[in-house]
Amino acid sequence: QVQLVESGGGLVQPGGSLRLSCAASGSILSIYAMGWYRQAPGKQRELVAAIRSGGSTNYADSVKGRFTISRDNAKNTVYLQMNSLKPEDTAVYYCNADMTIVVVTTGKTQSADYWGQGTQVTVSS
């Protein structure tokens, strides 16, 4: 079974920085793309940043210039460096991955989207 585990969330003051990590584990053959989504109470879930296997990236307009997404292929891990944090960045952040895995019971491969459990980021003075 595959897992996506987020870490690095917490409480930070406005203007501060935080680094989120998402590690994928299991019978993974390839990770084609990974991304970060967030959802705040009373708001729609939105894509924050994404990175594809070719290295191309996408960012929400609200975080451009402040957030940076990166990856470590050897560790199957994606990072989100968040600088100049604002109260409106407060949300639960979810890791998403488009992966090809091996189903252990059959030995067959399959591709699908997988989601982490989420990590809380709170920006407050």
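For the structure, check the block above.
Overview of the structure. Source: prediction; values computed, not measured. (Residues numbered from 1 in each chain as written. Predicted model: local features only at pLDDT ≥ 70, side-chain atom pairs only at ≥ 80, totals over all residues. Heavy atoms only, no water.)

1. Things to note about the pattern of salt bridges
Rules: Salt bridge, as used here, is a side-chain nitrogen of Lys or Arg placed within 4 Å of a carboxyl oxygen of Asp or Glu. A 1.4 Å probe rolled over the protein chains alone gives each residue an accessible area, and that area as a share of the maximum for its type sets the label: buried under 20%, exposed over 50%, partly exposed in between. In DSSP terms, a helix is any run of H or I states spanning at least four residues, a strand is any run of E spanning at least two, and both are numbered starting from the N terminus.
All chains considered together, the criterion is met by 4 salt bridges. The salt bridge partner of E46 is R38, with a shortest N-O separation of 2.7 Å. Among the residues examined, E46 registers a relative accessible area of 31% and is labelled partly exposed. Given the relative accessible area of 6%, R38 is considered buried. Between D89 and R38 there is a salt bridge whose closest N-O contact spans 3.0 Å. Linking D89 in the loop between β8 (77-82) and β9 (91-102) with R38 in strand β4 (residues 28-39), this pair joins segments that are 51 residues apart in sequence. Here D89 and R38 have matching classes, each one buried. Residues joined by salt bridges that share partners form a network here, namely R38, E46, R66 and D89.

2. Observations concerning the sheet that holds strand β3 (residues 18-25)
Heads up, the rule is: When DSSP finds two or more bridges between a pair of strands, those strands are recorded as paired. Structural elements are reduced to axes, namely lines fitted to C-alpha atoms, with helices fitted over the stretch in contact, and the angle between N-to-C directions of any two is expressed from 0 to 180 degrees.
Pairing in this open sheet of 4 strands is antiparallel, and the strands run β1-β3-β8-β7 from one edge to the other. Sheet topology places β1 (3-7) and β7 (67-72) at the edges, where each strand pairs with a single neighbour. Across the sheet, the axes of successive neighbouring strands diverge by a mean angle of 15°, strand direction being ignored.

3. Observations regarding the side chain of N96
In plain terms, the rule: Contacts were defined at the residue level, with two residues in contact if any of their heavy atoms lie within 4.5 Å.
Within the element layout of this structure, N96 appears in strand β9. In contact with N96, not counting residues within four places along its chain, are L4, A33, M34, G35, Y37, D113, Y114 and W115.

4. Re the packing of aromatic side chains
For clarity, the cut-off: Working definition: a ring pair exists when centres of Phe, Tyr or Trp rings (six-membered ring for Trp) sit within 6.5 Å. Plane angles under 30 degrees give stacked, over 60 give edge-to-face, the rest tilted. Remark: a charge is flagged as sitting over a ring if the NZ atom of Lys or the CZ atom of Arg is within 6 Å of the ring centre and within 35 degrees of the ring normal.
On inspection of all chains with the given rule, the structure shows 1 aromatic pair. In this structure, R19 is placed above the aromatic ring of Y79, and the distance from its NZ or CZ to the ring centre is 4.1 Å. A cation over a ring is seen here: R45 above W115, with NZ or CZ 4.7 Å from the ring centre.

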